[in-house]
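Structural features, examined
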Amino acid sequence: MDRAVGAVAYHHGKTVNVRSRKVCGSMNGEFYLSVFLFAFSASITPGPNTMMIMSSGVNYGLRQSLPHLAGITLGFPLLTLCIGLGMGTMIFLYPNLMLILKVVSVLYLFHLALKVATSASVKEAHRRRPLSLIEAALFQWVNPKAWFVSIGAVSAFTSGSERVVMEVITLAGIFWLCALLSSLFWLVSGATFKRRLEQNGLRQAFNVVIGALLALSVLPTVVEVFGELNVRLFTALPSA
């Protein structure tokens, strides 16, 4: 039987209480399908992970980028697992942690965007290396999309009952599968385009475009950070 449960979610950088309608009272086929569709659509759509793994495929090829892919499929579900098992509550209790995370995310993603955009030539790409498994896994912890998707999934698909541990483990398992499928798709796409871009001398332009898109993907988080800082500044000012 469907039942509404209280949940904590983040919307436009603000912590809000929402009422999340459960898909079902038990983990049946409808539950699994709903979670899979949510996780797959969130994983396959463009974001920092998809742009980074595609860029890695173009610059380093399929085989050298496999550790990067493995890091995504490990780090993303692990983040979901940690949020579902208590980290989300900690962030709710200490909202400054989320603000600090956003600032770190913005700075690191701008750094990565510059790094991708300047990987212009084939010679330059050979001097560098793709992200390792550990680096790609740790990247999920400063990936704003990964955080918001994980928080949204935990809010929508867990009941807060005695089954919550199994529900969170199920979420993490489905996210692992979807992260693997989507990352593999974008990696193979990048590796497929690699030779054509090199033959036509377009890899430099591709890297610049991907770097620019990666930087643009951070702008909503930048707006949220400045919005939160402005609210805190005006709140701290003494009233007239």
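What you see is a predicted model; the values in this text were computed from it and never measured. (Residues numbered from 1 in each chain as written. Predicted model: local features only at pLDDT ≥ 70, side-chain atom pairs only at ≥ 80, totals over all residues. Heavy atoms only, no water.)

1. A short note on the overall build of the protein chain
Helix and strand counts for the protein chain come out as ten helices and two strands. For the protein chain, the proportion of its 240 residues judged to be buried stands at 45%. The long-range share in the protein chain, meaning contacts at least 24 apart out of those at least 6 apart in sequence, stands at 79%. Counting every atom, the protein chain has about 12,500 Å² of accessible surface; 70% of that belongs to carbon and sulfur. (Helix = DSSP H or I, 4+ residues; strand = E, 2+ residues; numbered from the N terminus. Buried < 20%, exposed > 50% of the residue type's maximum accessible area, 1.4 Å probe, protein only. Contact = heavy atoms within 4.5 Å. Areas by Shrake-Rupley, 256 points an atom, 1.4 Å probe, with all protein chains shown as cover.)

2. Some points on the pattern of salt bridges
Oppositely charged side chains can form a pair if their charged atoms are brought close together. Using the criterion set out here, one finds four salt bridges in the structure. One salt bridge in this structure joins Glu135 and Arg129, with 2.8 Å as the shortest N-O distance. With a closest N to O distance of 3.7 Å, Arg163 and Glu167 form a salt bridge. On the basis of relative accessible area, Arg163 is assigned to the partly exposed category, the value being 29%. (Salt bridge = Lys/Arg side-chain N within 4 Å of Asp/Glu carboxyl O.)

3. Re the packing of helix H4 (residues 95–117) against helix H7 (residues 144–157)
Two quantities define a packed helix pair, namely the angle between the axes and the distance from one axis to the other. Interhelical geometry of H4 versus H7 gives an angle of 140° and a closest axis separation of 10 Å. In terms of their interaxial angle, H4 and H7 are classed as oblique. Where H4 approaches H7, its residues Met98, Leu101, Lys102, Ser105 and Leu109 are matched on the opposing element by Pro144, Trp147, Phe148 and Ile151. By residue class, the composition of the contact of H4 with H7 is seven nonpolar, one polar and one charged. (Axes fitted to C-alpha atoms, helices over the stretch in contact; angles between N-to-C directions. Parallel < 35°, antiparallel > 145°, perpendicular 65-115°, else oblique. Nonpolar A, V, L, I, M, F, W, Y, C, P; charged D, E, K, R; others polar.)

4. Let's talk about the UniProt feature "transmembrane region" (unreviewed entry) in the protein chain
Using the residue numbers shown here, the UniProt feature "transmembrane region" (unreviewed entry) corresponds to residues 31–48, 69–93, 99–117, 169–193 and 205–223. Across residues 31–48, the secondary structure splits into 83% helix and 0% strand, with the terminal C-alpha atoms separated by 28 Å. (UniProt positions renumbered as here; feature names shortened; annotations may be inferred.)

5. A closer look at the environment of Arg203
Among the secondary structure elements, Arg203 is positioned in helix H9 (residues 203–216). Sequence spacing of Arg203 and Phe193 is ten residues, and the spatial spacing of their C-alpha atoms is 9.2 Å. In terms of polar contacts, Arg203 uses its side chain to reach the backbone carbonyl oxygen of Asn59, at 3.5 Å. (Polar contact = N/O pair within 3.5 Å; in protein donor to acceptor, adjacent residues only side chain to side chain.)

6. Focus: the nonpolar core
Counting 47 residues, the largest nonpolar core has Trp147 and Leu214 as its most contacted members. Top contributing element to this core by residue count: helix H8 (residues 164–199), with eight residues. What Leu214 contacts, discounting residues up to four positions off in sequence, is Pro48, Met51, Met52, Leu109, Leu112 and Ala113. (Core = buried A, V, L, I, M, F, W, Y, C linked by side-chain atoms within 4.5 Å.)

7. Things to note about the side chain of Asn59
Among the secondary structure elements, Asn59 is positioned in helix H2 (residues 48–64). A distance of 2.8 Å separates the side chain of Asn59 from the backbone oxygen of Ser55, its partner in a polar contact.

8. With respect to a nonpolar patch on the surface
A contiguous nonpolar surface patch, about 660 Å² in accessible area, is contributed by Met90, Phe92, Leu93, Tyr94, Leu97, Ile100 and Val104. Contributing elements (two or more residues each) for the nonpolar patch: helix H3 (66–93) and H4. Looking at the element boundaries, Leu97 is found in helix H4. (Patch = residues over 30% accessible without salt bridge, like charges linked within 9 Å, V, L, I, M, F, W, Y side chains within 5 Å.)

9. Focus on helix H1 (residues 29–44)
Between its terminal C-alpha atoms H1 stretches 22 Å, which fits the 22 Å expected from 16 residues at 1.5 Å a residue. Listed in full, the buried residues belonging to H1 are Phe31, Val35, Ala39, Ala42 and Ser43. Buried positions in H1, seen along its axis, are confined to an arc of 95° and lie on one side of it. Seen from the open side of H1, the exposed residues pointing more than 90 degrees away from its buried face are Gly29 and Leu37. (Expected span 1.5 Å × (residues − 1). Arc of directions from axis to C-beta.)

10. Considerations on the environment of Gln140
Within the secondary structure layout, Gln140 lies in the loop between helix H6 (133–139) and H7. The exposure class of Gln140 is buried, given its relative accessible area of 0%. Each C-alpha atom, one on Gln140 and one on Ser105, is 9.7 Å from the other, the two residues being 35 residues apart in sequence. Setting aside its immediate chain neighbours within four residues, Gln140 contacts Asn49, Ile72, Gly75, Phe76, Leu79, Ala146 and Trp147. Here Ala136 takes part through its backbone oxygen, which lies 2.9 Å from a polar atom of the side chain of Gln140.

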